[in-house]
Amino acid sequence: MSPGKRPIPAWQQRGIEGTGSYGAGLARHLAAAGIRVVEARLRSEAAWAHLCGAAPIPASSGKVTRWRLNRGGNRDANHALWRIVICRMSSHPATRAYVARRSKEGLSKKEISAA
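So, how was this worked out
Residues numbered from 1 in each chain as written. Predicted model: local features only at pLDDT ≥ 70, side-chain atom pairs only at ≥ 80, totals over all residues. Heavy atoms only, no water. Helix = DSSP H or I, 4+ residues; strand = E, 2+ residues; numbered from the N terminus. Expected span 1.5 Å × (residues − 1). Axes fitted to C-alpha atoms, helices over the stretch in contact; angles between N-to-C directions. Parallel < 35°, antiparallel > 145°, perpendicular 65-115°, else oblique. Contact = heavy atoms within 4.5 Å. Nonpolar A, V, L, I, M, F, W, Y, C, P; charged D, E, K, R; others polar. Salt bridge = Lys/Arg side-chain N within 4 Å of Asp/Glu carboxyl O. Buried < 20%, exposed > 50% of the residue type's maximum accessible area, 1.4 Å probe, protein only. Patch = residues over 30% accessible without salt bridge, like charges linked within 9 Å, V, L, I, M, F, W, Y side chains within 5 Å. Areas by Shrake-Rupley, 256 points an atom, 1.4 Å probe, with all protein chains shown as cover. Lys, Arg positive; Asp, Glu negative; His and termini not counted. Charge placed at Lys NZ, Arg CZ, Asp CG, Glu CD. pLDDT = per-residue confidence, 0-100.

## Things to note about helix α4 (residues 93-104)
With 12 residues, α4 extends 17 Å between its outermost C-alpha atoms, agreeing within 8% with the 16 Å of an ideal straight helix rising 1.5 Å per residue. Immediately beyond the C-terminal end of α4, within one or two residues, lies Gly106, with a positive phi of roughly 95°.

## Focus: the packing of helix α3 (residues 75-91) against α4
Two elements in contact, α3 and α4, have axes whose closest approach is 6 Å; the angle formed by their N-to-C orientations is 85°. In this view, α3 runs roughly perpendicular relative to α4, as classed from their interaxial angle. Touching Arg88, Met89, Ser90 and Ser91 of α3 are Pro93, Thr95, Arg96 and Val99, all from α4. Partitioned by chemical class, the residues of the contact of α3 with α4 number three nonpolar, three polar and two charged.

## Regarding the pattern of salt bridges
What the rule picks out here adds up to three salt bridges. Among the ionic pairs, Glu105 bridges to Arg101, the shortest N-O distance being 3.7 Å. In this structure, Glu105 and Arg102 form a salt bridge, with 3.5 Å as the shortest nitrogen-oxygen distance. For Glu105, a relative accessible area of 49% corresponds to the partly exposed category. Overall, Arg102 belongs to the partly exposed group, its relative accessible area being 21%. Taken together, the shared-partner salt bridges in this structure form one network comprising Arg101, Arg102 and Glu105.

## A word on a positive patch on the surface
On the surface, Arg68, Arg71, Arg75 and Lys110 cluster together into a patch of positive charge. Inspection of the secondary structure puts Arg75 in helix α3.

## Thoughts on the environment of Ala100
With respect to the element layout, Ala100 can be found in helix α4. The class for Ala100 is partly exposed, based on a relative accessible area of 39%. Ala100 sits 11 residues away from Met89 along the chain, and the two C-alpha atoms are 9.7 Å apart.

## Observations regarding the environment of Arg88
Locating Arg88 in the fold gives a position in helix α3. When near neighbours in sequence (up to four residues on either side) are disregarded, Arg88 contacts Thr95 and Arg96.

## Regarding the confidence of the model for the protein chain
Residues of the protein chain with pLDDT of at least 70 account for 72%, and the chain-wide mean is 76. Highest mean pLDDT in the protein chain belongs to α4 (93); lowest belongs to helix α1 (residues 20-32) (68).

Shown next, in the form of structure tokens:
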């Protein structure tokens, strides 16, 4: 923990269990009061990837190690992720450098975007 930072009490580390305007209003109120608000069902990047249907699933056969994407989850969120990847692959300098490096390793654009 950094000096000068207070530990977050256990009751503040929990997500808000509420839907609709009540949950949204409560989240805004707590955030305005300086309390860290997180979505209860998204505890990690992996959980977020599963929710969006972008989590890798092993699809290996024999000596070949491959992964395929989970086709479940929220399709709208998955489409938004796809759109972000395509735009970044064409215009973001750091992403373009990553694509060039991975292409030299023999990966296709589809495999690169799934990585």
